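Observations on chain architecture
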Amino acid sequence: MNIFIETYGCQMNVADSELVSSILNDHDHNIVDDIDRADVIIFNTCSVRQHAEDRVIGRINNEMSRKQTKKQLKIGVIGCMAQRLGENLKDKNNGLDFVVGVDQYKKLPEIITNLFENPDFSSETIVNNKEVYEGLYPLHTGKFNAFVTIMRGCNNFCSYCIVPYTRGRERSRPVDAIIKEIHNVSSKGFKDVTLLGQNVNSYNYENVNFAELLRKANKIETVNRIRFVTSHPKDLSDEVIEVMANSEKVCEHLHLAMQSGDNEILKRMNRGYTAEHFYNIVQKLRQAMPQIAITTDIIAGFPGETEEQFQRTFDLMNKIKFDYAFTFKYSPRTGTKAAEYTDQVPEEIRLKRLQKLIDLQQEITLQKYQDQIGMTKKIYVEKISKKSKLEVAGKSRDFKITVFPGDKSLIGKFVKVKIVDAMGWTLRGEMI
Ligand code: SAH
Ligand code: SF4
Ligand code: F3S
């Protein structure tokens, strides 16, 4: 069968789509990138905010119309929404053929085969808190950057977040398997590797912690760059900061979600750190790696957030000056603690606060990028630039997209470039 997968949500879902591709491929299915050729369409979905769910439900219903001309077509849902809503998804998407949760992907080939013989709706959403999909090699979609999943699930139960309910309990993959996988992908040509987990700083496998895993990864000769997402501020240790600073391959690039700058709100969010602690970590990181790029996530309008509390978030963002911030309007998720709070902030106030954060960050990002003019950076060239055939585009160690004059012979190479301009979120350089 030809199978088309459309992916929503975080990097974990991107990695899972690659895993699912590999499982299906091993069972003689073809993964296609043209939806018109598909016999089966799979939506890998996200539940993190209501908007994410609504969007994908709309998308699926759109694609259902294909069944009028292609009677054999099967459409299914996997990922966090599948886990959260299970069979109930059938009520939202009339004509849906299957729903498979995050721990049951090994069953997909069988489910698909059965569907063509016996076209009855099928659903597999049993939780398996031990499943880490050992022994499977994801079919990577990129050419230069590869995700390597080091753990699954989350135990933190931040009060707003649905992830611990959709992804189940935290479990770490064996060290040896991870190291082997990094060897494997880097020798295939993926020189930039990102280690993935909802909270990589709590990685622990038979007493190997995250710092030690980074040390081991740093010794792999075939890999050039190592990154990781996501870090939780409560678990980011001095040891990890030290390893980052002293490991040649670990990039000066960190995503560290702040969520709020107010201690009362952080407590209500169950984040396990204070604004002072967060600021302290940022200082330590910048002391250890002056060139580090730090990005963050912020939620505007969490239940009970007053104007003063919001102002503290705004002020702390303004003080820290992140390279980039992903800002979100709080979205109540059924089943989470924060959704039960009776002091929900009105929608229009949430929106207004969100807009303030977006405007602030836009200014900061522009300034941050302009501050890089004159610097020399090494760019991992990925492609010909979208805007001009005479230019190539790639990424720096601090994850900034950089374009500069050059041709296709540079693709896949590391090139030293001097930054001459900054436009929005792109740096412009010249080869030296
Ligand atoms: N494990 C990651 C986050 C995964 S979710 C971490 O802890 O860093 C990505 C981001 O979505 C979160 O950092 C948070 O800012 C946002 N988010 C999660 N639940 C949300 C909700 N209910 N409403 C709005 N934003 C939310
Ligand atoms: Fe959600 Fe918190 Fe876990 Fe991140 S650490 S996935 S925000 S519960
Ligand atoms: Fe979304 Fe699931 Fe990731 S809810 S953010 S796809 S873990």
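Keep in mind it's a predicted model, so treat the numbers as computed, not measured.

Parameters and conventions
- Residues numbered from 1 in each chain as written.
- Chains lettered and ligands numbered in written order.
- Predicted model: local features only at pLDDT ≥ 70, side-chain atom pairs only at ≥ 80, totals over all residues.
- Heavy atoms only, no water.
- Core = buried A, V, L, I, M, F, W, Y, C linked by side-chain atoms within 4.5 Å.
- Buried < 20%, exposed > 50% of the residue type's maximum accessible area, 1.4 Å probe, protein only.
- Near = heavy atom within 4 Å.
- Nonpolar A, V, L, I, M, F, W, Y, C, P; charged D, E, K, R; others polar.
- Domains from an automatic or database assignment.
- Axes fitted to C-alpha atoms, helices over the stretch in contact; angles between N-to-C directions.
- Helix = DSSP H or I, 4+ residues; strand = E, 2+ residues; numbered from the N terminus.
- Parallel < 35°, antiparallel > 145°, perpendicular 65-115°, else oblique.
- Left-handed = near helix turned anticlockwise from the far one by under 90°.
- Contact = heavy atoms within 4.5 Å.
- Salt bridge = Lys/Arg side-chain N within 4 Å of Asp/Glu carboxyl O.
- Pairing = 2+ DSSP bridges.

**Digging into the nonpolar core**
- The biggest cluster of nonpolar side chains holds 68 residues, and the ones touching the most others in it are Leu195, Phe210 and Leu285.
- Ranked by size, the runner-up nonpolar core spans 20 residues in total, among them Ile41, Ile60, Ile75 and Ala82.

**Overview of the site of ligand 3**
- Neighbouring residues of ligand 3: Cys10, Asn13, Cys46, Ser47, Val48, Cys80, Val163, Arg167 and Gln198.
- Class assignment of the residues belonging to the shell around ligand 3 gives a composition of 5 nonpolar, 3 polar and 1 charged.
- For the shell around ligand 3, the domains that each give at least three residues are domain 1 (2–124) and domain 2 (145–367).

**A few points about the packing of helix α8 (residues 210–218) against helix α9 (residues 238–246)**
- Contact pair α8 / α9: the axes reach a minimum separation of 8 Å and the direction vectors enclose 15 degrees. One finds that α8 runs roughly parallel with respect to α9. α9 is crossed by α8, and the crossing has left-handed handedness. For the pair α8 and α9, the contacting residues are Phe210, Ala211, Leu214 and Arg215 in the first and Glu239, Val240 and Val243 in the second.

**Regarding the domain arrangement of the protein**
- For the protein, the assigned domains read domain 1 (2–124), domain 2 (145–367) and domain 3 (376–431).
- With centres defined by C-alpha atoms, the gap from domain 1 to domain 3 works out at 36 Å.

**Regarding unusual backbone geometry**
- With omega at -5 degrees, the peptide bond leading from Val229 into Thr230 counts as cis.
- Locating Thr230 in the fold gives a position in the loop between β13 (225–229) and α9.

**Regarding the environment of Cys251**
- Topologically, Cys251 is positioned in the loop between α9 and β14 (253–255).
- A sequence separation of 41 residues divides Cys251 from Ile292, and the C-alpha atoms of the two residues are 8.1 Å apart.
- For Cys251, the contacting residues outside a window of four places in its chain are Arg225, Ile226, Arg227, Met244 and Arg397.

**Considerations on the pattern of salt bridges**
- Enumeration over the complete set of coordinates arrives at 31 salt bridges.
- Between Arg173 and Glu181 there is a salt bridge; the shortest N-O distance is 2.9 Å.
- Note that Asp262 and Arg312 form a salt bridge whose closest N and O atoms lie 2.6 Å from each other. Taken as a pair, Asp262 in the loop between β14 and α10 (263–268) and Arg312 in helix α12 (residues 307–320) lie far apart in primary sequence, 50 residues in all.
- Take Asp262: its relative accessible area is 3%, and that puts it in the buried class.

**Here's the deal with the sheet that holds β14**
- Pairing is parallel in the open sheet, where 3 strands are placed in the order β14-β15-β16. If you trace the sheet from one side to the other, it starts and ends with β14 and β16 (324–329), each paired once. Strand-to-strand twist of the sheet, defined as the mean angle between neighbouring strand axes without regard to direction, takes the value 10 degrees.
- As defined by bridge partners, β14 adjoins strand β15 (residues 293–300) across 3 bridges and the pair is classed as parallel. From the neighbouring strand, Leu254 faces β15, where its bridge partner is Ile294.

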